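The residues making up each chain are set out below.
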Amino acid sequence: MDDTFFMQLALEQARLASGVGEVPVGAVMVLDGKVIGTGYNQPICRNDPTAHAEILAIRDAAANLQNYRMPGCTLYVTLEPCAMCCGAIMHSRLARVVFGAGDPKTGTAGSVLDLFSEQRLNHHTAVTSGTLAAECGGLLSDFFAARRQRSAIV
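Note that the coordinates shown come from a computational prediction; the quantities given were computed from them, not determined experimentally. Residue positions are given per chain, counting from 1 as you read along its sequence in written order. It should be noted that, the model being predicted, local features are given only for residues of pLDDT at least 70 and side-chain atom pairs only at 80 or more, the latter also being counted only at that level, while totals for whole chains, interfaces and linings use all residues. As a rule here, side-chain values come from all non-hydrogen atoms in the structure, and water together with hydrogens is ignored.

Secondary structure elements are taken from DSSP: a helix is a run of H or I of four residues or more, a strand is a run of E of two residues or more, and numbering for both begins at the N terminus. Turning to its location among the elements, D3 is positioned in helix α1 (residues 3-19). With 95 residues separating them along the chain, D3 and V98 place their C-alpha atoms 7.6 Å apart. Two residues qualify as a contact provided that any one of their heavy atoms is within 4.5 Å of a heavy atom in the partner residue. Leaving out residues up to four positions away in the same chain, D3 has contacts with Y76, R96, V98, T128 and T131. Residues adjacent in sequence count toward polar contacts only when both atoms are side-chain atoms; beyond that, a polar contact is any pair of N or O atoms within 3.5 Å, and within protein one must be able to donate a hydrogen and the other to accept it. Separated by 2.8 Å, the side chains of D3 and Y76 make a polar contact.

So, on to the layout of surface pockets. In the cavity and pocket records, a cavity denotes points on a 1 Å grid over the protein atoms alone where a 1.4 Å probe fits but cannot get out, a pocket denotes an open set with protein on both sides within 12 Å along at least 5 of 7 lines, and lining residues are residues with an atom within 4 Å of a point. Grid points are joined across faces, edges and corners, and a volume is the space filled by probe spheres set on the points. Estimated volume of the largest pocket: approximately 400 Å³. V23, L79, D103, T106 and L140 are the residues nearest the centre of the largest pocket, which is lined by 19 residues in total. Here the lining of the largest pocket takes four residues from helix α5 (residues 133-153), the largest share from any one element.

The next thing to look at is the side chain of T131. For T131, the position within the fold is in the loop between β5 (126-129) and α5. Setting aside anything within four residues of it in sequence, one finds T131 in contact with D3, T4, M7, V98, F99, G100 and C136.

What follows concerns the pairing of strand β3 (residues 74-79). Within a regular strand, side chains alternate between the sheet's two faces. Categorising residues by exposure relies on relative accessible area from a 1.4 Å probe, with only protein chains included: less than 20% of the type maximum marks a residue as buried, more than 50% marks it as exposed, and the intermediate range marks it as partly exposed. Of all six residues in β3, six are buried; the element is thus mostly enclosed. Criterion used throughout: strands pair if DSSP finds at least two bridges between them. Bridge analysis of strand β1 (residues 26-31) against β3 gives four bridges, and the strand direction is antiparallel. Bridge pairing in β3 links M29 to L75. Across five bridges, β3 lies against strand β4 (residues 96-101) in parallel orientation. Across the sheet, residue L79 finds its bridge partner in β4, namely A101. Handedness of the crossover joining β3 and β4 through helix α4 (residues 83-91) is recorded here as right-handed. A crossover counts as right-handed when, viewed with the strands pointing away from the observer, the path leading from the first strand over the helix to the second turns clockwise.

By the element assignment, H123 lies in the loop between β4 and β5. Take H123: its relative accessible area is 15%, and that puts it in the buried class. A distance of 3.2 Å separates the side chain of H123 from the side chain of T125, its partner in a polar contact. For H123, the residues in contact, after removing those within four places along its chain, are M90, R93 and L94.

Moving on to the pattern of salt bridges. Basic side-chain nitrogens of Lys or Arg form a salt bridge, by our definition, when they fall within 4 Å of a carboxyl oxygen of Asp or Glu. Inspection of every chain in the model, using the stated rule, returns three salt bridges. With a shortest N-O distance of 3.1 Å, E135 and R15 are connected by a salt bridge. Of the two residues, E135 sits in helix α5 while R15 sits in helix α1, which places them 120 residues apart along the sequence. When the shortest N-O distance is used, the salt bridge between E118 and R120 registers 2.6 Å. Classification of E118 as partly exposed rests on a relative accessible area of 25%.

Encoded structure:
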């Protein structure tokens, strides 16, 4: 199984978010080729600004591993992580993050900032960007286009 396979699983999580009216971002945590955590955006549903897909996947994986550290794990996420999520990724000691679409407004894995390459920080997670970027970005674009269209009708 390769990055594309796991990103497809993250896209399935993103579609769950879209289905409940959340911004369609999904995440899957993998260790040794097995999914150990999943999550999709739920800040509106949970009334929780920290309920991003990455955070929920990290929490799920930590509970499954019974550990707050996850060395050797890879997080697949459909959208470039924000600063909060990058912080959680680093504190979790993830080996790698793979994301699909870049985020030119809040992305901190290379678009706006690159927290993962900040040498003053004590943990450095490897980053792979652009995996299924068109599909991940298309899901977001379609979601926001539909939202704008609904707003115009009202």
